[in-house]
Amino acid sequence: MVYSEITQILPKRFRVYFERAGICLDRLQEIRLRIGQPVELREDKKRILCREKVDRSDIKEMLEYISGYSLYAFEEEISQGFITVPGGHRVGVAGQVVMERGNVKNIRNISFINVRLSHQVLGCADPVLTYIRKGDRIFHTLIISPPGCGKTTLLRDIVRLVSGQSHGTEGKNVTVVDERSEIGGCFRGMPQNDLGCRTDVLDGCPKSVGMMMAVRSLAPDVIVVDEIGGKKDVQALRYVMNCGCALIATVHGRDFRDIYEKPELGDMMREGLFERCIVLGNTKGPGTVLDVCDGQGESLYA
């Protein structure tokens, strides 16, 4: 991670604090600013409160840096609750929500900012790659994980390995439908993370729509999506599988049984459509692989 990617969007007085305190960004996962409260830093399970409290001028200054002094130009992104900045870091915002015809139009009087730092861990998918790929074939794979356990980090590295030539196997054409700009961390349409040489990204595109678009226009071998859930997502997953594309997706959950019992996605599990399920936890830090199962829930993990 480039140190300036983060420091250049922080209010100047907090940049000085970071430098004096010797804060190591490589271990940081979040930086939270709340008006009237101390800046909060998170490293894995550890939380650090800085002595300096945030005021409204700090939030205003930070938003100016993030938006290049044109917050209006980012109104569409703000309506989704976040802005992606160079380096793929995601800045979540909260405040007064403005509604129009049942949809969020904008967020005004922003009083809370959460910077989620993007960390690419090259090679973290090596231990699971042999389970989801056999020769030239990629298995339909579901990554199951509670929040904060590294599912997106693992997914990102799977994309990089599947897209590029690795372990003597030719890379596949991969399309990433990146609704929340978290996998590629795109800035102005360009991924800030290494997703391999044969990857196309539909950035900011709803998953259910993007999966259909990918099949019809990009001819992918593999389609990748993060955090599936709703009925439309499940319908699109079935469409992708029926079209002959391999599918790799993530979902929030505790384990195979937890997903098996969900109303709609559970039907796909009971039909055995996902040939591999990777279960993540946090017992040894984010990204701990707890198990790899086949489509019937039988453990394959040694």
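Scroll up to find the structure.
Here is what the cut-offs are and how they apply
Residues numbered from 1 in each chain as written. Predicted model: local features only at pLDDT ≥ 70, side-chain atom pairs only at ≥ 80, totals over all residues. Heavy atoms only, no water. Helix = DSSP H or I, 4+ residues; strand = E, 2+ residues; numbered from the N terminus. Rg over C-alpha atoms; globule rule 2.2 N^0.38 Å. Buried < 20%, exposed > 50% of the residue type's maximum accessible area, 1.4 Å probe, protein only. Contact = heavy atoms within 4.5 Å. Lys, Arg positive; Asp, Glu negative; His and termini not counted. Charge placed at Lys NZ, Arg CZ, Asp CG, Glu CD. Axes fitted to C-alpha atoms, helices over the stretch in contact; angles between N-to-C directions. Parallel < 35°, antiparallel > 145°, perpendicular 65-115°, else oblique. Nonpolar A, V, L, I, M, F, W, Y, C, P; charged D, E, K, R; others polar. Patch = residues over 30% accessible without salt bridge, like charges linked within 9 Å, V, L, I, M, F, W, Y side chains within 5 Å. Areas by Shrake-Rupley, 256 points an atom, 1.4 Å probe, with all protein chains shown as cover. Salt bridge = Lys/Arg side-chain N within 4 Å of Asp/Glu carboxyl O.

Within the protein chain, the secondary structure is distributed over 10 helices and 15 strands. For the protein chain, whose C-alpha radius of gyration is 20 Å, the value lies close to the compact-globule estimate of 19 Å for 302 residues. For the protein chain, the C-alpha atoms occupy an extent of roughly 55 × 45 × 35 Å along the three principal directions. Classification of the 302 residues of the protein chain by burial places 51% in the buried group. Pairs at least 24 residues apart make up 61% of the contacts formed inside the protein chain by residues separated by at least 6 positions. Averaging the positions of the 41 positive and the 40 negative side-chain charges in the protein chain gives two centres separated by 4 Å.

Structurally, Val162 can be placed in helix H6 (residues 151-163). When its relative accessible area of 2% is taken as the criterion, Val162 is described as buried. Sequence-wise, Val162 and Ile138 are 24 residues apart; in three dimensions their C-alpha atoms are separated by 8.5 Å. For Val162, the contacting residues outside a window of four places in its chain are Leu129, Ile138, Gly171, Lys172, Val174 and Val222.

Right, let's get into the packing of helix H2 (residues 12-21) against helix H3 (residues 56-67). Running from amino to carboxyl end, H2 crosses H3 at an angle of 90°, the nearest separation of the two axes being 9 Å. It follows from the interaxial angle that H2 and H3 lie roughly perpendicular. Across from Lys12, Arg13, Phe14 and Arg15 in H2, the residues of H3 making contact are Asp58, Glu61 and Tyr65. In terms of residue class, the contact of H2 with H3 is made up of 2 nonpolar, no polar and 5 charged.

Looking now at unusual backbone geometry. Excluding glycine, most residues fall at negative phi; most peptide bonds, likewise, are trans. Even without being glycine, Arg101 reaches a positive phi, approximately 55°. Within the secondary structure layout, Arg101 lies in the loop between strand E5 (89-100) and strand E6 (103-116).

This brings us to a nonpolar patch on the surface. A cluster of nonpolar residues, Val97, Met99 and Val104, forms a patch on the protein surface that exposes about 250 Å² of accessible area. Within the secondary structure, Val97 is located in strand E5. Judged by relative accessible area, Val97 falls into the partly exposed class, the value being 45%.

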